[in-house]
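The primary structure of each chain is shown beneath.
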Amino acid sequence: MMTIDINAAPLLSVQNLGKDYGNLVACTDVSFDLWPGEVLGIVGESGSGKTTLLNCLSAQLAPSRGAVIYDTRVDGPRDILEMTESERRLLMRTDWGLVRQNPRDGLRLGVSAGANVGERLMAVGARHYGDIRAEAANWLQKVEIDVGRIDNVPSTFSGGMQQRLQIARNLVTEPRLVFMDEPTGGLDVSVQARLLDLLRGLVTRLGLSAIIVTHDLAVARLLAHRLMVMRHGRVVEQGLTDQVLDDPQHPYTQLLVSSILQP
Amino acid sequence: MSHAQTLEGYNFAYLDEQTKRMIRWAILKAIAVPGYQVPFGSREMPLPYGWGTGGIQVTASIIGQDDTLKVIDQGADDTTNAVSIRHFFARTTGVKTTERTESATLIQTRHRIPERPLQEGQVLVYQVPIPEPLRWLEPRETETRKMHALAEYGVMHVKLYEDIARFGRIATSYAYPVMVNGRYLMSPSPIPKFDNPKMDNMPALQLFGAGREKRIYAIPPYTKVESLDFDDHPFEVQKWDDCCALCGAQDSYLDEVIIDDAGGRMFVCSDTDYCEDRRAQGHYGPLGQAAE
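First, a word on what this report is: a plain description of the structure on this page. Just so it is clear, the model here is predicted, and its values are computed rather than measured.

## So, the overall build of chain A
Looking only at helices and strands, chain A features 10 helices and 10 strands. Reported as C-alpha extents along the three principal axes, the dimensions of chain A are approximately 55 × 50 × 40 Å. Counting over 263 residues, chain A shows a buried share of 52%. The long-range share in chain A, meaning contacts at least 24 apart out of those at least 6 apart in sequence, stands at 67%. The positive charge centre, built from 26 side chains, and the negative charge centre, built from 30, are 5 Å apart in chain A.

This is the structure we're talking about:
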(Lines give C-alpha, C1' and ligand atoms only; values in the text may rest on other atoms or scores of the structure.)
Protein backbone atom coordinates (compact mmCIF):
# COMPACT_ATOMS: atom_id res chain seq x y z
CA MET A 1 0.00 0.00 0.00
CA MET A 2 1.37 3.36 -0.95
CA THR A 3 2.15 5.89 1.69
CA ILE A 4 0.26 9.13 1.91
CA ASP A 5 2.14 12.38 2.27
CA ILE A 6 0.28 14.12 5.07
CA ASN A 7 2.14 17.35 4.49
CA ALA A 8 0.74 17.71 0.98
CA ALA A 9 -2.29 19.89 0.38
CA PRO A 10 -5.57 18.00 0.26
CA LEU A 11 -6.68 17.07 -3.24
CA LEU A 12 -10.30 17.64 -2.39
CA SER A 13 -11.61 19.64 0.50
CA VAL A 14 -15.31 19.55 1.29
CA GLN A 15 -16.80 22.13 3.63
CA ASN A 16 -20.29 21.96 5.13
CA LEU A 17 -21.78 20.48 2.00
CA GLY A 18 -25.54 20.02 1.94
CA LYS A 19 -28.26 19.27 -0.56
CA ASP A 20 -32.01 19.64 -0.10
CA TYR A 21 -34.77 18.44 -2.34
CA GLY A 22 -37.48 20.89 -1.33
CA ASN A 23 -38.15 20.20 2.34
CA LEU A 24 -36.30 16.93 2.24
CA VAL A 25 -32.72 17.12 3.46
CA ALA A 26 -30.76 14.60 1.39
CA CYS A 27 -27.42 15.30 3.00
CA THR A 28 -26.10 18.02 5.24
CA ASP A 29 -23.04 19.22 7.18
CA VAL A 30 -20.58 17.03 5.32
CA SER A 31 -16.97 18.11 5.70
CA PHE A 32 -13.82 16.16 4.96
CA ASP A 33 -10.44 16.36 3.23
CA LEU A 34 -9.14 13.83 0.75
CA TRP A 35 -5.38 13.58 0.24
CA PRO A 36 -3.60 12.50 -2.94
CA GLY A 37 -3.45 8.70 -3.16
CA GLU A 38 -6.14 8.20 -0.56
CA VAL A 39 -9.25 6.07 -1.00
CA LEU A 40 -12.29 7.18 0.94
CA GLY A 41 -15.26 4.89 1.39
CA ILE A 42 -18.74 6.23 2.04
CA VAL A 43 -21.02 3.60 3.57
CA GLY A 44 -24.57 3.63 4.80
CA GLU A 45 -27.92 2.07 4.04
CA SER A 46 -30.11 2.89 1.06
CA GLY A 47 -31.52 6.39 1.27
CA SER A 48 -28.83 7.69 3.60
CA GLY A 49 -27.69 10.31 1.07
CA LYS A 50 -24.56 8.59 -0.22
CA THR A 51 -25.30 8.93 -3.90
CA THR A 52 -26.57 12.50 -3.54
CA LEU A 53 -23.32 13.35 -1.80
CA LEU A 54 -21.27 11.72 -4.54
CA ASN A 55 -23.24 13.56 -7.22
CA CYS A 56 -22.63 16.87 -5.45
CA LEU A 57 -18.91 16.14 -5.08
CA SER A 58 -18.55 15.22 -8.74
CA ALA A 59 -20.49 18.33 -9.87
CA GLN A 60 -23.31 16.28 -11.32
CA LEU A 61 -25.69 18.04 -8.94
CA ALA A 62 -25.57 21.57 -7.62
CA PRO A 63 -25.45 21.44 -3.80
CA SER A 64 -27.70 23.71 -1.74
CA ARG A 65 -24.84 24.94 0.43
CA GLY A 66 -21.19 24.41 1.17
CA ALA A 67 -18.04 24.31 -0.91
CA VAL A 68 -16.04 21.67 -2.77
CA ILE A 69 -12.46 22.76 -3.28
CA TYR A 70 -10.34 20.78 -5.70
CA ASP A 71 -6.61 21.16 -6.16
CA THR A 72 -6.45 21.62 -9.94
CA ARG A 73 -3.25 20.83 -11.83
CA VAL A 74 -2.89 24.26 -13.34
CA ASP A 75 -4.59 26.81 -11.09
CA GLY A 76 -4.20 25.19 -7.66
CA PRO A 77 -7.14 24.89 -5.23
CA ARG A 78 -10.44 26.10 -6.68
CA ASP A 79 -14.08 25.78 -5.71
CA ILE A 80 -15.60 23.57 -8.39
CA LEU A 81 -18.96 25.22 -7.90
CA GLU A 82 -17.51 28.55 -8.93
CA MET A 83 -15.82 27.23 -12.03
CA THR A 84 -17.43 27.81 -15.40
CA GLU A 85 -19.32 24.89 -16.80
CA SER A 86 -16.74 24.34 -19.53
CA GLU A 87 -13.96 24.14 -16.92
CA ARG A 88 -15.98 21.64 -14.90
CA ARG A 89 -16.67 19.51 -17.95
CA LEU A 90 -13.01 19.58 -18.95
CA LEU A 91 -12.10 18.48 -15.42
CA MET A 92 -14.66 15.69 -15.71
CA ARG A 93 -13.09 14.23 -18.82
CA THR A 94 -9.45 14.70 -17.94
CA ASP A 95 -8.59 14.87 -14.27
CA TRP A 96 -11.62 13.04 -12.91
CA GLY A 97 -13.30 9.74 -13.56
CA LEU A 98 -16.82 8.67 -12.76
CA VAL A 99 -17.62 4.97 -12.54
CA ARG A 100 -21.35 4.47 -12.37
CA GLN A 101 -23.21 1.70 -10.65
CA ASN A 102 -24.86 0.59 -13.88
CA PRO A 103 -22.21 0.31 -16.60
CA ARG A 104 -24.89 1.03 -19.18
CA ASP A 105 -25.09 4.60 -17.85
CA GLY A 106 -21.38 5.11 -18.15
CA LEU A 107 -20.71 3.40 -21.49
CA ARG A 108 -21.66 4.16 -25.05
CA LEU A 109 -23.44 0.92 -25.89
CA GLY A 110 -23.69 1.50 -29.64
CA VAL A 111 -19.96 1.74 -30.31
CA SER A 112 -17.13 -0.75 -29.88
CA ALA A 113 -15.08 -1.26 -26.72
CA GLY A 114 -12.10 0.42 -28.39
CA ALA A 115 -14.12 3.52 -29.21
CA ASN A 116 -15.47 3.59 -25.66
CA VAL A 117 -11.97 3.64 -24.23
CA GLY A 118 -10.72 6.04 -26.91
CA GLU A 119 -13.52 8.57 -26.49
CA ARG A 120 -11.82 10.54 -23.74
CA LEU A 121 -8.58 10.63 -25.71
CA MET A 122 -10.40 12.01 -28.73
CA ALA A 123 -12.24 14.47 -26.48
CA VAL A 124 -8.91 15.96 -25.41
CA GLY A 125 -7.64 16.18 -28.96
CA ALA A 126 -6.04 12.84 -29.95
CA ARG A 127 -6.34 12.61 -33.73
CA HIS A 128 -4.17 9.61 -34.63
CA TYR A 129 -6.25 6.47 -35.11
CA GLY A 130 -3.35 4.05 -34.65
CA ASP A 131 -2.26 5.64 -31.38
CA ILE A 132 -5.79 5.78 -29.99
CA ARG A 133 -6.34 2.15 -30.84
CA ALA A 134 -3.02 1.06 -29.32
CA GLU A 135 -3.82 2.92 -26.12
CA ALA A 136 -7.30 1.38 -26.01
CA ALA A 137 -5.82 -2.10 -26.46
CA ASN A 138 -3.30 -1.37 -23.73
CA TRP A 139 -6.07 -0.40 -21.32
CA LEU A 140 -8.24 -3.38 -22.19
CA GLN A 141 -5.27 -5.53 -21.22
CA LYS A 142 -4.86 -3.67 -17.95
CA VAL A 143 -8.46 -4.38 -17.01
CA GLU A 144 -8.17 -8.00 -18.14
CA ILE A 145 -10.42 -7.84 -21.19
CA ASP A 146 -9.29 -9.96 -24.15
CA VAL A 147 -7.80 -7.54 -26.72
CA GLY A 148 -9.48 -9.61 -29.45
CA ARG A 149 -12.77 -8.10 -28.33
CA ILE A 150 -11.71 -4.52 -28.97
CA ASP A 151 -14.16 -4.19 -31.88
CA ASN A 152 -17.13 -5.77 -30.09
CA VAL A 153 -19.89 -3.58 -28.72
CA PRO A 154 -20.24 -3.55 -24.91
CA SER A 155 -23.76 -4.98 -25.07
CA THR A 156 -22.17 -8.33 -25.97
CA PHE A 157 -20.06 -8.19 -22.78
CA SER A 158 -20.93 -9.71 -19.42
CA GLY A 159 -21.78 -7.45 -16.49
CA GLY A 160 -18.31 -7.77 -14.99
CA MET A 161 -16.62 -7.03 -18.30
CA GLN A 162 -18.83 -3.98 -18.85
CA GLN A 163 -17.84 -2.70 -15.43
CA ARG A 164 -14.14 -3.26 -16.18
CA LEU A 165 -14.57 -1.54 -19.54
CA GLN A 166 -16.14 1.41 -17.80
CA ILE A 167 -13.15 1.60 -15.49
CA ALA A 168 -10.71 1.48 -18.42
CA ARG A 169 -12.69 4.22 -20.18
CA ASN A 170 -12.36 6.43 -17.12
CA LEU A 171 -8.72 5.78 -16.38
CA VAL A 172 -7.38 6.22 -19.91
CA THR A 173 -6.67 9.94 -19.43
CA GLU A 174 -4.89 9.15 -16.14
CA PRO A 175 -7.23 11.04 -13.83
CA ARG A 176 -6.15 11.93 -10.30
CA LEU A 177 -9.55 11.47 -8.70
CA VAL A 178 -12.12 8.78 -9.43
CA PHE A 179 -15.67 8.70 -8.10
CA MET A 180 -17.24 5.27 -7.90
CA ASP A 181 -20.86 4.58 -7.15
CA GLU A 182 -21.36 0.98 -6.05
CA PRO A 183 -18.74 -0.33 -8.48
CA THR A 184 -19.48 -3.94 -7.59
CA GLY A 185 -23.26 -3.70 -7.39
CA GLY A 186 -25.09 -6.41 -9.31
CA LEU A 187 -22.06 -8.64 -9.79
CA ASP A 188 -21.74 -12.13 -8.37
CA VAL A 189 -19.18 -12.66 -5.61
CA SER A 190 -16.38 -14.27 -7.63
CA VAL A 191 -16.60 -11.53 -10.28
CA GLN A 192 -16.74 -8.95 -7.48
CA ALA A 193 -13.59 -10.37 -5.96
CA ARG A 194 -11.68 -10.11 -9.25
CA LEU A 195 -12.94 -6.61 -9.87
CA LEU A 196 -11.91 -5.54 -6.37
CA ASP A 197 -8.51 -7.09 -6.87
CA LEU A 198 -8.14 -5.22 -10.12
CA LEU A 199 -9.32 -1.93 -8.64
CA ARG A 200 -6.98 -2.26 -5.70
CA GLY A 201 -4.08 -2.94 -8.05
CA LEU A 202 -4.89 0.03 -10.27
CA VAL A 203 -5.43 2.43 -7.42
CA THR A 204 -2.10 1.50 -5.84
CA ARG A 205 -0.11 1.45 -9.08
CA LEU A 206 -1.46 4.72 -10.44
CA GLY A 207 -1.56 6.53 -7.10
CA LEU A 208 -5.18 7.44 -7.65
CA SER A 209 -7.40 9.08 -5.13
CA ALA A 210 -10.86 7.65 -5.05
CA ILE A 211 -14.19 8.18 -3.38
CA ILE A 212 -16.19 4.98 -3.31
CA VAL A 213 -19.83 4.84 -2.35
CA THR A 214 -20.97 1.40 -1.29
CA HIS A 215 -23.33 -0.36 1.04
CA ASP A 216 -21.08 -3.39 1.03
CA LEU A 217 -18.76 -3.20 4.03
CA ALA A 218 -16.52 -5.93 2.63
CA VAL A 219 -15.84 -3.77 -0.42
CA ALA A 220 -15.14 -0.83 1.85
CA ARG A 221 -12.70 -2.85 3.95
CA LEU A 222 -10.78 -4.05 0.92
CA LEU A 223 -10.52 -0.77 -0.95
CA ALA A 224 -10.87 2.15 1.41
CA HIS A 225 -8.22 3.65 3.64
CA ARG A 226 -10.74 5.74 5.44
CA LEU A 227 -14.48 5.34 6.00
CA MET A 228 -17.36 7.72 6.42
CA VAL A 229 -20.61 6.28 7.77
CA MET A 230 -23.75 8.12 6.74
CA ARG A 231 -27.24 7.99 8.14
CA HIS A 232 -30.22 10.23 7.40
CA GLY A 233 -28.01 12.52 5.36
CA ARG A 234 -25.44 13.09 8.10
CA VAL A 235 -22.00 11.68 8.70
CA VAL A 236 -22.32 9.78 11.98
CA GLU A 237 -18.81 8.41 12.21
CA GLN A 238 -15.56 8.62 10.29
CA GLY A 239 -12.10 7.23 10.73
CA LEU A 240 -9.62 4.67 9.46
CA THR A 241 -11.41 1.73 7.85
CA ASP A 242 -10.18 -0.95 10.23
CA GLN A 243 -10.87 1.24 13.22
CA VAL A 244 -14.43 1.97 12.17
CA LEU A 245 -15.23 -1.62 11.25
CA ASP A 246 -13.49 -3.34 14.18
CA ASP A 247 -14.35 -0.84 16.90
CA PRO A 248 -17.50 0.99 15.83
CA GLN A 249 -18.45 3.80 18.21
CA HIS A 250 -21.78 5.05 16.94
CA PRO A 251 -24.81 2.79 17.63
CA TYR A 252 -25.75 2.86 13.96
CA THR A 253 -22.29 1.79 12.86
CA GLN A 254 -22.41 -1.00 15.44
CA LEU A 255 -25.71 -2.12 13.97
CA LEU A 256 -24.32 -1.94 10.45
CA VAL A 257 -21.23 -3.96 11.31
CA SER A 258 -23.18 -6.57 13.27
CA SER A 259 -25.57 -7.01 10.36
CA ILE A 260 -22.93 -8.56 8.12
CA LEU A 261 -23.52 -12.25 7.52
CA GLN A 262 -20.60 -14.46 8.46
CA PRO A 263 -20.60 -17.46 6.16
CA MET B 1 -46.67 40.53 -60.53
CA SER B 2 -44.75 40.79 -63.71
CA HIS B 3 -45.28 37.37 -65.13
CA ALA B 4 -48.52 36.47 -66.91
CA GLN B 5 -48.68 33.02 -65.35
CA THR B 6 -48.24 33.99 -61.69
CA LEU B 7 -50.98 32.87 -59.36
CA GLU B 8 -53.58 35.40 -58.24
CA GLY B 9 -54.13 35.88 -54.52
CA TYR B 10 -50.68 34.88 -53.29
CA ASN B 11 -47.95 37.13 -51.98
CA PHE B 12 -44.68 37.25 -53.93
CA ALA B 13 -42.87 33.92 -53.25
CA TYR B 14 -45.82 32.52 -51.29
CA LEU B 15 -44.72 33.56 -47.77
CA ASP B 16 -46.08 36.76 -46.25
CA GLU B 17 -43.68 39.65 -45.75
CA GLN B 18 -43.48 39.35 -41.95
CA THR B 19 -42.44 35.71 -42.22
CA LYS B 20 -39.85 36.50 -44.85
CA ARG B 21 -38.46 39.22 -42.62
CA MET B 22 -38.22 36.83 -39.67
CA ILE B 23 -36.40 34.28 -41.83
CA ARG B 24 -34.03 36.96 -43.16
CA TRP B 25 -33.11 37.86 -39.58
CA ALA B 26 -32.30 34.23 -38.93
CA ILE B 27 -30.24 34.11 -42.14
CA LEU B 28 -28.30 37.25 -41.19
CA LYS B 29 -27.50 35.78 -37.80
CA ALA B 30 -26.48 32.50 -39.41
CA ILE B 31 -24.10 34.34 -41.76
CA ALA B 32 -22.65 36.29 -38.84
CA VAL B 33 -21.88 33.07 -36.94
CA PRO B 34 -20.77 30.61 -39.63
CA GLY B 35 -21.95 27.05 -38.98
CA TYR B 36 -24.14 27.95 -35.99
CA GLN B 37 -27.70 26.61 -36.18
CA VAL B 38 -30.13 29.49 -35.75
CA PRO B 39 -33.66 28.52 -34.67
CA PHE B 40 -36.47 30.10 -36.68
CA GLY B 41 -40.25 29.92 -36.81
CA SER B 42 -40.61 27.44 -39.62
CA ARG B 43 -43.97 27.69 -41.39
CA GLU B 44 -46.25 25.06 -42.84
CA MET B 45 -45.55 24.89 -46.54
CA PRO B 46 -47.77 23.44 -49.25
CA LEU B 47 -45.67 20.27 -49.38
CA PRO B 48 -44.68 17.69 -46.77
CA TYR B 49 -41.73 17.89 -44.42
CA GLY B 50 -38.78 16.11 -45.95
CA TRP B 51 -39.50 17.47 -49.41
CA GLY B 52 -37.51 20.63 -48.95
CA THR B 53 -39.67 22.90 -46.79
CA GLY B 54 -36.60 24.45 -45.14
CA GLY B 55 -34.86 25.19 -48.41
CA ILE B 56 -38.05 26.58 -49.92
CA GLN B 57 -38.58 28.97 -47.02
CA VAL B 58 -35.00 30.25 -47.30
CA THR B 59 -35.35 30.64 -51.07
CA ALA B 60 -38.73 32.36 -50.68
CA SER B 61 -37.27 34.88 -48.22
CA ILE B 62 -34.33 35.94 -50.36
CA ILE B 63 -35.63 35.62 -53.91
CA GLY B 64 -36.14 38.93 -55.75
CA GLN B 65 -37.71 39.99 -59.04
CA ASP B 66 -34.32 40.01 -60.77
CA ASP B 67 -33.18 36.58 -59.65
CA THR B 68 -32.73 33.60 -61.92
CA LEU B 69 -33.59 30.39 -60.12
CA LYS B 70 -32.20 26.91 -60.64
CA VAL B 71 -33.45 23.94 -58.63
CA ILE B 72 -31.68 20.60 -58.50
CA ASP B 73 -32.45 17.33 -56.78
CA GLN B 74 -29.53 14.88 -56.52
CA GLY B 75 -27.80 17.03 -59.13
CA ALA B 76 -30.59 16.69 -61.68
CA ASP B 77 -32.82 19.49 -62.94
CA ASP B 78 -35.52 17.16 -64.24
CA THR B 79 -36.47 15.05 -61.21
CA THR B 80 -39.88 15.39 -59.55
CA ASN B 81 -38.74 17.40 -56.56
CA ALA B 82 -36.71 19.84 -58.64
CA VAL B 83 -39.44 20.27 -61.25
CA SER B 84 -42.18 20.91 -58.71
CA ILE B 85 -40.16 23.37 -56.62
CA ARG B 86 -39.08 25.26 -59.75
CA HIS B 87 -42.69 25.32 -60.90
CA PHE B 88 -43.81 26.52 -57.47
CA PHE B 89 -41.50 29.52 -57.58
CA ALA B 90 -42.21 30.24 -61.22
CA ARG B 91 -45.91 30.44 -60.39
CA THR B 92 -45.63 32.37 -57.13
CA THR B 93 -42.91 34.85 -58.18
CA GLY B 94 -42.75 34.88 -61.95
CA VAL B 95 -38.93 35.03 -61.85
CA LYS B 96 -36.82 33.53 -64.60
CA THR B 97 -35.79 29.92 -64.10
CA THR B 98 -32.87 28.12 -65.67
CA GLU B 99 -31.16 24.77 -65.73
CA ARG B 100 -27.76 26.28 -66.38
CA THR B 101 -25.55 26.63 -63.33
CA GLU B 102 -23.63 29.65 -64.63
CA SER B 103 -26.69 31.74 -65.42
CA ALA B 104 -28.47 31.14 -62.09
CA THR B 105 -28.21 33.70 -59.29
CA LEU B 106 -30.01 31.48 -56.80
CA ILE B 107 -29.71 27.69 -56.72
CA GLN B 108 -31.78 25.53 -54.44
CA THR B 109 -30.32 22.08 -54.07
CA ARG B 110 -31.04 18.76 -52.49
CA HIS B 111 -28.02 16.51 -51.88
CA ARG B 112 -25.53 17.93 -54.41
CA ILE B 113 -23.32 20.89 -55.17
CA PRO B 114 -23.13 21.61 -58.92
CA GLU B 115 -19.91 20.44 -60.62
CA ARG B 116 -19.26 23.81 -62.23
CA PRO B 117 -17.55 26.03 -59.63
CA LEU B 118 -19.92 28.64 -58.24
CA GLN B 119 -19.12 32.34 -58.53
CA GLU B 120 -19.32 35.40 -56.34
CA GLY B 121 -22.86 36.71 -56.23
CA GLN B 122 -24.47 33.31 -56.49
CA VAL B 123 -26.39 31.84 -53.55
CA LEU B 124 -26.67 28.12 -52.92
CA VAL B 125 -29.61 27.02 -50.74
CA TYR B 126 -29.51 23.50 -49.30
CA GLN B 127 -32.49 21.47 -48.14
CA VAL B 128 -31.54 19.90 -44.82
CA PRO B 129 -33.36 16.97 -43.20
CA ILE B 130 -31.31 16.70 -39.98
CA PRO B 131 -29.22 19.78 -39.17
CA GLU B 132 -27.58 18.36 -36.03
CA PRO B 133 -24.36 16.45 -36.84
CA LEU B 134 -24.20 15.08 -33.29
CA ARG B 135 -27.77 13.80 -33.27
CA TRP B 136 -27.04 10.07 -33.70
CA LEU B 137 -24.41 10.23 -30.98
CA GLU B 138 -26.30 12.35 -28.48
CA PRO B 139 -30.09 12.28 -28.55
CA ARG B 140 -30.63 15.18 -26.12
CA GLU B 141 -31.02 18.58 -27.75
CA THR B 142 -30.03 20.35 -24.51
CA GLU B 143 -26.80 18.37 -24.49
CA THR B 144 -25.93 18.90 -28.18
CA ARG B 145 -26.47 22.63 -27.79
CA LYS B 146 -24.13 22.60 -24.82
CA MET B 147 -21.57 20.62 -26.82
CA HIS B 148 -21.72 23.23 -29.60
CA ALA B 149 -21.49 26.07 -27.09
CA LEU B 150 -18.39 24.58 -25.47
CA ALA B 151 -16.96 23.21 -28.75
CA GLU B 152 -16.83 19.67 -27.31
CA TYR B 153 -16.64 17.73 -30.51
CA GLY B 154 -14.53 14.72 -29.51
CA VAL B 155 -17.50 12.41 -29.80
CA MET B 156 -17.73 13.05 -33.54
CA HIS B 157 -14.37 11.38 -33.90
CA VAL B 158 -15.77 8.39 -32.02
CA LYS B 159 -18.05 7.82 -34.99
CA LEU B 160 -15.15 8.06 -37.44
CA TYR B 161 -13.08 5.74 -35.21
CA GLU B 162 -15.92 3.27 -35.28
CA ASP B 163 -16.02 3.45 -39.08
CA ILE B 164 -12.33 2.61 -39.36
CA ALA B 165 -12.58 -0.16 -36.75
CA ARG B 166 -15.42 -1.80 -38.67
CA PHE B 167 -14.61 -1.12 -42.30
CA GLY B 168 -10.90 -0.31 -42.31
CA ARG B 169 -11.54 3.22 -43.57
CA ILE B 170 -13.88 6.13 -42.88
CA ALA B 171 -17.01 4.70 -44.46
CA THR B 172 -19.23 7.73 -43.92
CA SER B 173 -19.91 8.79 -47.49
CA TYR B 174 -22.58 11.47 -47.18
CA ALA B 175 -23.48 14.12 -44.60
CA TYR B 176 -19.79 14.00 -43.74
CA PRO B 177 -19.20 16.32 -40.75
CA VAL B 178 -17.25 19.51 -41.34
CA MET B 179 -15.72 22.16 -39.11
CA VAL B 180 -16.72 25.64 -40.23
CA ASN B 181 -14.34 28.53 -39.69
CA GLY B 182 -12.48 26.46 -37.08
CA ARG B 183 -15.34 26.75 -34.61
CA TYR B 184 -18.69 25.06 -35.30
CA LEU B 185 -19.17 21.45 -36.25
CA MET B 186 -21.71 21.34 -39.05
CA SER B 187 -23.61 18.76 -41.05
CA PRO B 188 -23.35 19.72 -44.72
CA SER B 189 -26.80 18.12 -45.34
CA PRO B 190 -26.70 14.75 -47.10
CA ILE B 191 -24.40 15.80 -49.93
CA PRO B 192 -21.86 13.12 -50.89
CA LYS B 193 -18.47 13.71 -49.29
CA PHE B 194 -17.28 14.12 -52.89
CA ASP B 195 -18.75 17.61 -52.66
CA ASN B 196 -17.20 18.53 -49.28
CA PRO B 197 -14.01 20.07 -50.73
CA LYS B 198 -16.17 22.40 -52.88
CA MET B 199 -17.55 24.03 -49.74
CA ASP B 200 -14.13 25.20 -48.63
CA ASN B 201 -13.48 28.81 -49.62
CA MET B 202 -16.45 28.84 -51.97
CA PRO B 203 -17.01 32.29 -53.53
CA ALA B 204 -20.79 31.81 -53.34
CA LEU B 205 -22.92 32.18 -50.22
CA GLN B 206 -24.21 28.88 -48.85
CA LEU B 207 -27.46 28.79 -46.85
CA PHE B 208 -28.96 25.74 -45.19
CA GLY B 209 -32.63 25.43 -44.24
CA ALA B 210 -34.17 22.65 -42.16
CA GLY B 211 -37.96 23.05 -42.12
CA ARG B 212 -39.01 20.29 -39.77
CA GLU B 213 -36.18 20.91 -37.32
CA LYS B 214 -36.65 24.69 -37.62
CA ARG B 215 -33.00 25.59 -38.06
CA ILE B 216 -31.07 27.78 -40.49
CA TYR B 217 -27.31 27.88 -40.81
CA ALA B 218 -24.88 29.37 -43.29
CA ILE B 219 -21.37 29.48 -44.68
CA PRO B 220 -20.40 32.97 -45.87
CA PRO B 221 -18.29 33.28 -49.03
CA TYR B 222 -14.60 32.42 -48.67
CA THR B 223 -14.94 30.60 -45.35
CA LYS B 224 -12.69 27.76 -44.28
CA VAL B 225 -14.55 24.44 -44.22
CA GLU B 226 -12.58 21.39 -43.10
CA SER B 227 -13.78 17.80 -43.21
CA LEU B 228 -12.96 15.90 -40.02
CA ASP B 229 -10.42 13.08 -40.23
CA PHE B 230 -7.59 11.31 -38.42
CA ASP B 231 -3.90 12.06 -38.97
CA ASP B 232 -3.32 8.51 -40.23
CA HIS B 233 -6.65 8.25 -42.06
CA PRO B 234 -6.94 11.53 -43.96
CA PHE B 235 -10.18 12.66 -45.56
CA GLU B 236 -10.62 11.45 -49.12
CA VAL B 237 -13.45 11.52 -51.64
CA GLN B 238 -15.07 8.74 -53.62
CA LYS B 239 -13.45 7.56 -56.84
CA TRP B 240 -14.93 5.59 -59.73
CA ASP B 241 -13.28 3.15 -62.12
CA ASP B 242 -15.67 4.22 -64.88
CA CYS B 243 -16.26 7.50 -66.59
CA CYS B 244 -19.69 8.99 -67.36
CA ALA B 245 -21.30 6.79 -70.03
CA LEU B 246 -22.82 9.78 -71.78
CA CYS B 247 -20.21 12.54 -71.62
CA GLY B 248 -17.06 10.66 -70.64
CA ALA B 249 -16.35 12.90 -67.64
CA GLN B 250 -13.92 11.45 -65.11
CA ASP B 251 -14.02 14.28 -62.63
CA SER B 252 -17.71 14.37 -61.76
CA TYR B 253 -19.91 12.55 -59.26
CA LEU B 254 -21.39 9.49 -60.98
CA ASP B 255 -24.72 7.76 -60.39
CA GLU B 256 -24.98 4.07 -61.12
CA VAL B 257 -27.97 3.26 -63.32
CA ILE B 258 -29.23 -0.28 -63.87
CA ILE B 259 -30.19 -0.59 -67.53
CA ASP B 260 -31.54 -4.13 -67.89
CA ASP B 261 -32.31 -7.22 -65.82
CA ALA B 262 -29.11 -9.01 -66.80
CA GLY B 263 -26.72 -7.02 -64.65
CA GLY B 264 -26.18 -4.27 -67.20
CA ARG B 265 -25.33 -0.91 -65.70
CA MET B 266 -23.93 2.43 -66.58
CA PHE B 267 -22.50 5.35 -64.71
CA VAL B 268 -23.73 8.83 -65.54
CA CYS B 269 -23.03 12.29 -64.16
CA SER B 270 -25.47 13.12 -61.40
CA ASP B 271 -25.21 16.79 -62.44
CA THR B 272 -27.36 16.82 -65.59
CA ASP B 273 -26.44 20.39 -66.56
CA TYR B 274 -22.73 19.59 -66.39
CA CYS B 275 -23.23 16.44 -68.48
CA GLU B 276 -25.24 18.22 -71.16
CA ASP B 277 -22.78 21.05 -71.26
CA ARG B 278 -19.93 18.63 -71.89
CA ARG B 279 -21.86 16.81 -74.59
CA ALA B 280 -22.61 20.11 -76.25
CA GLN B 281 -18.88 20.72 -76.33
CA GLY B 282 -18.36 17.46 -78.17
CA HIS B 283 -17.31 15.14 -75.33
CA TYR B 284 -18.93 11.74 -75.30
CA GLY B 285 -18.63 8.53 -73.33
CA PRO B 286 -19.02 4.82 -74.23
CA LEU B 287 -22.82 4.98 -74.51
CA GLY B 288 -23.21 8.59 -75.60
CA GLN B 289 -23.15 10.14 -79.04
CA ALA B 290 -21.09 13.03 -80.20
CA ALA B 291 -23.11 16.20 -80.62
CA GLU B 292 -24.14 16.79 -84.22
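## Comments concerning a nonpolar patch on the surface
On the surface, a nonpolar cluster with roughly 250 Å² of combined accessible area is contributed by B:Val257, B:Ile259 and B:Leu287. Checked against the element boundaries, B:Leu287 lands in the segment after helix H7 (272–280).

## Some words on the interface of chain A and chain B
Every contact between the two is made by 22 residues of chain A and, on the other side, 20 residues of chain B. Summing the contributions of chain A and of chain B, the shared interface buries around 1,800 Å²; its carbon and sulfur component is 58%. Taken as a group, A:Arg89, A:Arg127 and A:Tyr129 account for 39% of the area that chain A buries against chain B, more than any other trio of residues on that side. Linking chain A to chain B there are four salt bridges. The interface formed by chain A and chain B holds 13 residue pairs in polar contact (both at pLDDT 80 or more) in total. Put simply, the parts of the chain that give the side of chain A that touches chain B at least two residues each are helix H2 (85–94), helix H4 (113–123) and helix H5 (129–142) of chain A. Ranked by residue count, the leading element in the side of chain A that touches chain B is H4(A), at five residues. Here the residues of the side of chain A that touches chain B are counted per class, giving eight nonpolar, six polar and eight charged.

## Structural notes on the pattern of salt bridges
Residue and element names in this part refer to chain A. By the definition in use, this model includes 35 salt bridges over all chains. Across the pair aspartate 95 and arginine 73 runs a salt bridge, and its minimum N-O distance is 2.6 Å. Here the residue aspartate 95 occupies a position in the loop between H2 and strand E6 (96–99), and arginine 73 occupies one in the loop between strand E4 (65–72) and strand E5 (76–79), the gap between them amounting to 22 residues. Take aspartate 95: its relative accessible area is 5%, and that puts it in the buried class.

## Re the packing of aromatic side chains
Residue and element names in this part refer to chain B. Evaluated as defined, the whole model comprises 14 aromatic pairs over all chains. Between tyrosine 176 and phenylalanine 235, the ring centres sit 4.9 Å apart and the planes meet at 65°, which makes this aromatic pair edge-to-face. Remark: phenylalanine 235 occurs in the loop between strand E10 (225–227) and strand E11 (254–258) and tyrosine 176 occurs in the loop between helix H5 (154–167) and strand E6 (178–180); sequence separation between them is 59 residues. Centroid distance phenylalanine 194 to tryptophan 240: 5.6 Å. Interplanar angle 70°. Geometry classified as edge-to-face. Here phenylalanine 194, found in the loop between strand E7 (184–186) and helix H6 (196–199), pairs with tryptophan 240, found in the loop between E10 and E11; they are 46 residues apart in sequence, far enough to count as distant.

What counts and how
- Residues numbered from 1 in each chain as written.
- Chains lettered and ligands numbered in written order.
- Predicted model: local features only at pLDDT ≥ 70, side-chain atom pairs only at ≥ 80, totals over all residues.
- Heavy atoms only, no water.
- Helix = DSSP H or I, 4+ residues; strand = E, 2+ residues; numbered from the N terminus.
- Buried < 20%, exposed > 50% of the residue type's maximum accessible area, 1.4 Å probe, protein only.
- Contact = heavy atoms within 4.5 Å.
- Lys, Arg positive; Asp, Glu negative; His and termini not counted.
- Charge placed at Lys NZ, Arg CZ, Asp CG, Glu CD.
- Patch = residues over 30% accessible without salt bridge, like charges linked within 9 Å, V, L, I, M, F, W, Y side chains within 5 Å.
- Areas by Shrake-Rupley, 256 points an atom, 1.4 Å probe, with all protein chains shown as cover.
- Salt bridge = Lys/Arg side-chain N within 4 Å of Asp/Glu carboxyl O.
- Buried area = accessible area lost by both parts, 1.4 Å probe.
- Polar contact = N/O pair within 3.5 Å; in protein donor to acceptor, adjacent residues only side chain to side chain.
- Nonpolar A, V, L, I, M, F, W, Y, C, P; charged D, E, K, R; others polar.
- Phe/Tyr/Trp six-rings, centres within 6.5 Å; stacked < 30°, edge-to-face > 60°.

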